[in-house]
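Close look at the chain arrangement
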Amino acid sequence: MDSHTTTSAAITGDHTSVITRTLQTHNQDPSSKIQAAKEIRRLTKTSHRFRRHFSDAIPPLVSMLRYPSVESNAAALLALVNLAVQDETNKISIVDAGALESIVTFLHMGNINMQEHATASLATLSASPVTRSAIGASGAIPFLVEVLHQGTPQAKVDAVMALFNLSSEKHNLNLILQSQPVPYLVNILKSSKKSSKVSERCTGLLESLIGFEEGRVSLTSEEGGVLAVVEVLERGSPQNREHAVGALLTMCQSDRCRYREPILKEGVIPGLLELTVQGTPNSQTKAHTLLRLLRESPYPRSELEPDTLENIVCDIISQIEGEEQSGNAKQMLADMVQVSMEQSLRHLQQRALVCTTSEVSLK
């Protein structure tokens, strides 16, 4: 290490120590603490090294969340958010220091900016599996669901992320379900780009909620609810499409007689056919299974009519009302067969090439 690097490191060390001491001193001027918090936010925005440096500042920053000053609250919370980004230890330390009580208060205190900051902090903190039980127990979940309904666009995105993370805990999932988020999730799904990360998390959360009868009833009761999931199945990212087909399959498996028609009438067949060829391995399996459940009888009618995908789809097409939907499904089936034949031909060509290469190398 040269002298310049040593000097820079010393200056950096002195600077961070002064900032931390400013926060820790009880009789320090409040404006100085606000400036110190803002400096921590600036330094930790992109630097993991500074996040480690300032880990000792977490307790005094959490104390600032309780000050009767929105400016102090905002400065401290934004600094804490940056300290928590991609730092598991800091996430846990922030929760252990008692930050959740103040954060939950900011969610419903009526200040839009503080609600945004609080929602962002929960999206970040909930990325750690260790913190999820504590966040659920803090009472944050009903307020996060309310943010889905009435928050700013950015707050809604962060609320979806936080609830998706929290839903991995069974008790949290029950709390989310009790807060009735499905109508709000459907609205977000309708308005968001189907390949976006927020759409993916939204559909993933819906898939979990549809595991409960209350979730299924809520989705089918919401105007355009099933259609929103079908549109994700058609146009979403690969992972998002997997969540969508998983949600519809869960519905059909739970009560085929009740949910078969609501799914069929939204024109799901073309998207399912495409998934059987071009989806992820899980999506392909789920799409095949759902297609079997959507036929008039989920079982082959005789040994003379084997349970092939083509026969399953032809059965379903014959039951679809409306020329447009039926025509789309027939065209999709023809396209699917063509794609399947092309993939099989490429596979045979590759095998032939490998065999030829092997023969050449043996000569």
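Attention in this report is confined to the structure presented alongside it. Along each chain, residues carry numbers from 1 onward, in the same order as the chain's sequence is written. The predicted origin of the model limits local features to residues at a pLDDT of at least 70 and limits the giving and counting of side-chain atom pairs to 80 or more, whereas totals for whole chains, interfaces and linings rest on all residues. As a rule here, side-chain values come from all non-hydrogen atoms in the structure, and water together with hydrogens is ignored.

Describing the overall build of the protein chain
As a reminder of what qualifies: Here a strand is any run of E in DSSP of at least two residues, a helix any run of H or I of at least four, and the numbering for each starts at the N terminus. Using a 1.4 Å probe on the protein chains alone, a residue whose accessible area is under 20% of its type maximum counts as buried, one over 50% counts as exposed, and one in between counts as partly exposed. Whether two residues are in contact is decided by their heavy atoms: any pair within 4.5 Å suffices. What sets the accessible areas is the Shrake-Rupley method with a 1.4 Å probe; for residues, cover comes only from the shown protein chains.
Helix and strand content of the protein chain: 22 helices and 0 strands. Expressed as a percentage of the 363 residues in the protein chain, the buried residues total 46%. A sequence separation of at least 24 residues applies to 67% of the contacts in the protein chain between residues at least 6 apart. With an accessible surface of roughly 18200 Å², the protein chain has 52% of that area assigned to carbon and sulfur atoms.

Description of the side chain of H117
Structurally, the position occupied by H117 is in helix α8 (residues 112-125). Among all residues touching H117, those that are not within four sequence positions of it are A74, L77, L78 and V81.

Quick word on unusual backbone geometry
A positive phi angle, close to 55 degrees, is found at Q86, a residue other than glycine. With respect to the helices and strands, the residue Q86 is situated in the loop between α5 (70-84) and α6 (88-96). The phi angle at Q180 is positive, at roughly 55 degrees, despite the residue not being glycine. Examined against the element boundaries, Q180 turns out to sit in the loop between α12 (170-178) and α13 (182-191).

Some remarks on the packing of aromatic side chains
Operational definition: Pairs were defined over the aromatic rings of Phe, Tyr and Trp, the Trp ring being its six-membered one, requiring ring centres within 6.5 Å. Orientation was assigned from the angle between planes: stacked under 30 degrees, edge-to-face over 60, tilted for the rest. Each ring is checked for a lysine NZ or an arginine CZ that lies within 6 Å of its centre and within 35 degrees of its normal; such an atom marks a charge sitting over the ring.
On inspection of all chains with the given rule, the structure shows 1 aromatic pair. An angle of 25 degrees between the planes, with centres 6.2 Å apart, marks the rings of F50 and F54 as stacked. The pair F50 / F54 is uniform in exposure class, with both members buried. For R49, the ring lying beneath its charged end belongs to F50, and the centroid distance is 4.9 Å.

Quick look at the nonpolar core
Put simply, the rule is: Among buried residues, the Ala, Val, Leu, Ile, Met, Phe, Trp, Tyr and Cys ones that are joined through side-chain atoms within 4.5 Å form a nonpolar core.
Ranked by size, the top nonpolar core spans 91 residues in total, and within it L61 and L248 carry the most contacts. Here this core takes 8 residues from α5, the largest share from any one element. Ignoring anything within four residues of it in the chain, the contact list for L61 reads L23, A37, I40, A76, A79, L80 and L83.

Quick look at the pattern of salt bridges
Counted only if it meets this: For this document, the term salt bridge refers to a Lys or Arg side-chain nitrogen within 4 Å of an Asp or Glu carboxyl oxygen.
One pass over the structure, following the stated rule, counts 9 salt bridges. Note that E200 is salt-bridged to K197, the shortest N-O span being 3.8 Å. Taken as a pair, E200 and K197 lie in helix α14 (residues 197-209) at a separation of 3 residues, close to a single helical turn. Classification of K197 by relative accessible area gives partly exposed; the value is 45%. With a shortest N-O distance of 3.8 Å, R241 and E274 are connected by a salt bridge. Here E274 lies in helix α19 (residues 269-278) and R241 lies in helix α17 (residues 238-254), a separation of 33 residues in the sequence. Judged by its relative accessible area of 9%, R241 is buried.

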